[in-house]
Amino acid sequence: MVTQLIPEQYMFLSDAQAIERITESRKQLGRELLVLGHHYQRDEVIQFADLRGDSFGLSRKASENKEARYIVFCGVHFMAESACILSAPHQKVILPDLEAGCSMADMADIDQVEEARDNIESVLGKEKIIPIAYINCTAAVKAFCGDLGGTVCTSSNASAVIDWGFKQREKIFFLPDEHLGRNMGYLKGIPLEQLVLWDPSEKMGGLTREQIQNARIILWKGYCQVHQRFAVEQIEYFRKKFPDMKIIVHPECSLDVVQRSDYAGSTSYIIDMVQKSGAGTKWAIGTEIHLVNRLRNENPDKLITSLVPGVCLCSTMNRIDPQHLLWVLDQLLLGNIVNEIRVPQDTARKARLALDRMLSIS
Ligand code: 13P
Ligand code: SF4
């Protein structure tokens, strides 16, 4: 991806200056514009979202809105790509900073994924395994799943999608987040030795034929750098210090962290659980810091902290700032579409099969 700097007149604007001008530009664009915002976005940006949500909610919203000509996605690349695949042909999807990627999505390169499929099929044959991709992956990986009768899931519907997968075939090839896949498999009562890890850097994924034959879920070796920072020791620290504190984490955390927590779920689930809890409730939260800080600010009657105070920032989500948002809106007003997300037609068609299957399962 090419590094694209915003023009100098935007680069040097203060947040306050940019925010004032975004308000004006949005007014002028009116209903032609739909701004979608993921919960990890900064406050200065998410305040402009017409709709906020987790990955699932935002995919659904992108597929339902047919009115807006421009969908500006304040989130990361795979989210904007999903919106593009689900949008109508007359709609344009824009990501304010094209460098807002997701390191987990980058861990599943389509060539490696196809090679893994060939190797797994050389042991199992063609009809035994179905691919299911976490939505945090490239359009090419979604297309791979769609083409093979598989689907996509998000952290909010993974359990239902896994059940669906096992109705289709005996085994699941789950990618790219090993932790979400393992957490879901464990929840279904599958023993750990049947949740095996495919390491794309090793011959035959580092697995024996017996391990592949015996597996229920083959997990791709991929993870989120933000969520892997949460550890059991932090949970134990808070349990000792505040015995009545509730621990809630995102299922991209490791199995031991999820098992020691009180609750695990998507970003929307975390927000919902905290918001509906009573005054005086204490929470330690294992997810991205902007969401935790927002919950703390919006719930002054509760005691809210991050499981790892201060450091768990998704640096790519953080790339979307008021300056980039203003720039893409101003360009729309001038009739220019910058940072448009495009997906090749054949990839989009196959990826859409996978996304539509997911939407119908949920
Ligand atoms: P949600 O779908 O729960 O919002 O999660 C998206 C994500 O990227 C978490 O790291
Ligand atoms: Fe990707 Fe992790 Fe950032 Fe989510 S928090 S967008 S999985 S890098």
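Since the model is a prediction, treat every value here as computed from it, not as a measurement. Along each chain, residue indices are assigned from 1 in the same order as the chain's sequence is written. Labels follow written order: the first chain is A, the first ligand is 1, and so on. Predicted model: local features are reported for residues with pLDDT of at least 70 only, side-chain atom pairs are reported and counted for 80 or more only, and whole-chain, interface and lining totals are derived from all residues. Processing note: side-chain calculations cover all non-hydrogen atoms of the structure and skip hydrogens and water entirely.

With that out of the way, let us pick up unusual backbone geometry. The step from Leu 175 to Pro 176 runs through a cis peptide bond, and the omega angle for that step is -5°. Secondary structure counts use DSSP, requiring at least four H or I residues in a row for a helix and at least two E residues in a row for a strand, with both numbered from the N terminus. Along the polypeptide, Pro 176 turns up in the loop between strand E7 (171-175) and helix H10 (178-187). The phi angle at Met 204 is positive, at roughly 50°, despite the residue not being glycine. Considering the arrangement of structural elements, one finds Met 204 in the loop between strand E8 (195-198) and helix H11 (209-214).

A separate point is the site of ligand 2. Close contacts around ligand 2 come from Tyr 40, Val 76, Cys 102, Ser 103, Asn 136, Cys 224, Val 226, Glu 252 and Cys 314, and that covers them all. For the shell around ligand 2, the residue count by class is 6 nonpolar, 2 polar and 1 charged. We call a residue near a molecule or strand as soon as one heavy atom of that residue lies within 4 Å of the molecule or strand. Polar here means any residue outside two lists: the nonpolar Ala, Val, Leu, Ile, Met, Phe, Trp, Tyr, Cys and Pro, and the charged Asp, Glu, Lys and Arg; Gly therefore counts as polar.

Below, the discussion takes up the packing of aromatic side chains. Geometrically, a pair of aromatic rings is defined through the distance of the ring centres and the angle of the planes. Each pair of aromatic rings taken from Phe, Tyr and Trp, with Trp reduced to its six-membered ring, is defined by centres within 6.5 Å and is described as stacked if the planes are under 30 degrees apart, edge-to-face if over 60, and tilted in the remaining cases. Evaluated as defined, the whole model comprises 4 aromatic pairs. Plain terms: the ring middles of Phe 238 and Phe 242 are 6.4 Å apart, the flat faces sit at 20° to each other, and that makes the pair stacked. Under the scheme applied here, a residue whose accessible area is under 20% of the maximum for its type counts as buried, over 50% as exposed, and between as partly exposed, the area being computed with a 1.4 Å probe on protein chains only. Under the relative-accessibility criterion, Phe 238 is labelled buried at 7%. Connected via pairs of aromatic rings, a cluster forms that spans Tyr 237, Phe 238 and Phe 242. A ring has a charge above it when a Lys NZ or an Arg CZ is no more than 6 Å from the ring centre and no more than 35 degrees off the ring normal. Sitting over the face of the ring of Phe 166, Arg 216 holds its NZ or CZ atom 4.4 Å from the ring centroid.

Before going further, it helps to spend a moment on the pairing of strand E9 (residues 217-220). The alternating pattern of E9 places Ile 217 and Leu 219 on one face and Ile 218 and Trp 220 on the opposite face, and all of these are buried. Pairing between E7 and E9: 3 bridges, direction parallel. Of the residues in E9, the one forming a bridge with Ile 172 is Ile 217. Strand pairing is assigned whenever DSSP identifies at least 2 bridges connecting the two strands. Alignment of E8 against E9, held across 4 bridges, turns out to be parallel. From the neighbouring strand, Leu 195 faces E9, where its bridge partner is Ile 217. When the strands point away from the viewer, a crossover counts as right-handed if the route from the first strand across the helix to the second turns clockwise. Chirality of the crossover, the property in question, places the unit of E8, H11 and E9 among those that are right-handed.

Below, the discussion takes up a negative patch on the surface. Judged by side-chain charge, Asp 109, Asp 111, Glu 114 and Glu 115 come together as a negatively charged surface patch. Examined against the element boundaries, Asp 109 turns out to sit in the loop between helix H6 (103-106) and helix H7 (110-124). The class for Asp 109 is partly exposed, based on a relative accessible area of 35%. Patches here are clusters of residues that have more than 30% relative accessible area and form no salt bridge, with a 9 Å joining cutoff for like charges and a 5 Å cutoff for nonpolar side chains (Val, Leu, Ile, Met, Phe, Trp, Tyr). Method for areas: the Shrake-Rupley scheme with a 1.4 Å probe, in which residue coverage is limited to the protein chains shown. The salt bridge criterion pairs a side-chain nitrogen of Lys or Arg with a carboxyl oxygen of Asp or Glu, the two atoms within 4 Å. Charge counting follows a simple rule: Lys and Arg are positive, Asp and Glu are negative, and His as well as the terminal groups are ignored. Taken as the charge centre is NZ of Lys, CZ of Arg, CG of Asp or CD of Glu, depending on the residue.

Below, the discussion takes up the sheet that holds strand E11 (residues 263-264). Strand order in the open sheet formed by 4 strands is E11-E10-E12-E13, with parallel pairing between adjacent strands. At either margin of the open sheet sits one strand with a lone partner, and together these are E11 and strand E13 (303-306). Inspection of the sheet shows strand E10 (residues 246-249) paired to strand E12 (residues 282-286) by 4 bridges, in the parallel sense. Across the sheet, residue Ile 248 finds its bridge partner in E12, namely Ile 285. In this analysis, two residues are considered to be in contact whenever any of their non-hydrogen atoms come within 4.5 Å of each other. Where helices are involved, their axes are fitted lines through C-alpha atoms of the stretch in contact, as for all axes, and angles between N-to-C directions lie from 0 to 180°. Each of E12 and E13 is contacted by helix H15 (residues 289-298), which is oriented at about 170° to E13, the strand it contacts most.

The subject of this paragraph is the side chain of Ser 254. With respect to the element layout, Ser 254 can be found in the loop between E10 and helix H13 (255-260). For Ser 254, a relative accessible area of 18% puts it in the buried group. At a separation of 2.4 Å, a polar atom in the side chain of Ser 254 contacts the side chain of Asp 256. Each residue touching Ser 254, except ones within four places of it in the same chain, is listed here: His 179 and Asn 183. Each polar contact in these results corresponds to two N or O atoms within 3.5 Å; when the atoms are within protein, one needs to be able to donate a hydrogen and the other to accept it, and residues that are neighboring in sequence are counted only if both atoms are side-chain atoms.

The terminal C-alpha atoms of H7 lie 21 Å apart, and with 15 residues this matches the ideal 21 Å at 1.5 Å per residue to within 8%. Of all the residues in H7, the buried ones are Val 113, Ala 116, Ile 120, Glu 121, Val 123 and Leu 124. Along the axis of H7, the buried positions cluster into a sector of 155°, meaning they face one direction only. Opposite the buried face of H7, at more than 90 degrees from it, the exposed residues are Asp 111 and Glu 115. On its buried face, H7 is in contact with strand E5 (129-134), helix H8 (139-147), E7, E8, H11 and E9. Taken from the residues just after H7, Gly 125 is the one with a positive phi, measuring 85°. In a helix, the anticipated span is given by 1.5 Å times the number of residues less one. Relevant arc is that of directions from the helix axis to the C-beta atoms, nothing else.

With that settled, consider the pattern of salt bridges. Summed over all chains, the structure comprises 25 salt bridges. When the shortest N-O distance is used, the salt bridge between Lys 276 and Asp 272 registers 3.6 Å. Taken as a pair, Lys 276 and Asp 272 lie in helix H14 (residues 267-276) at a separation of 4 residues, close to a single helical turn. Its relative accessible area of 59% is what places Lys 276 among the exposed residues. In this structure, a network of salt bridges that share partners links the residues Asp 147, Asp 346, Arg 349 and Lys 350.

Moving on to the site of ligand 1. Near ligand 1, the surroundings consist of His 38, Tyr 40, Asp 54, Ser 55, Asn 136, Ser 155, His 227, His 250, Glu 252, Ser 266 and Thr 267. Glu 252 places a side-chain nitrogen or oxygen 2.9 Å from an oxygen atom of ligand 1. With respect to ligand 1, the side chain of Thr 267 contributes an N or O atom lying 2.6 Å from an oxygen atom. In isolation ligand 1 has 300 Å² of accessible area, and contact with the protein removes 96% of it. Across the shell around ligand 1, the residue classes tally to 1 nonpolar, 8 polar and 2 charged.

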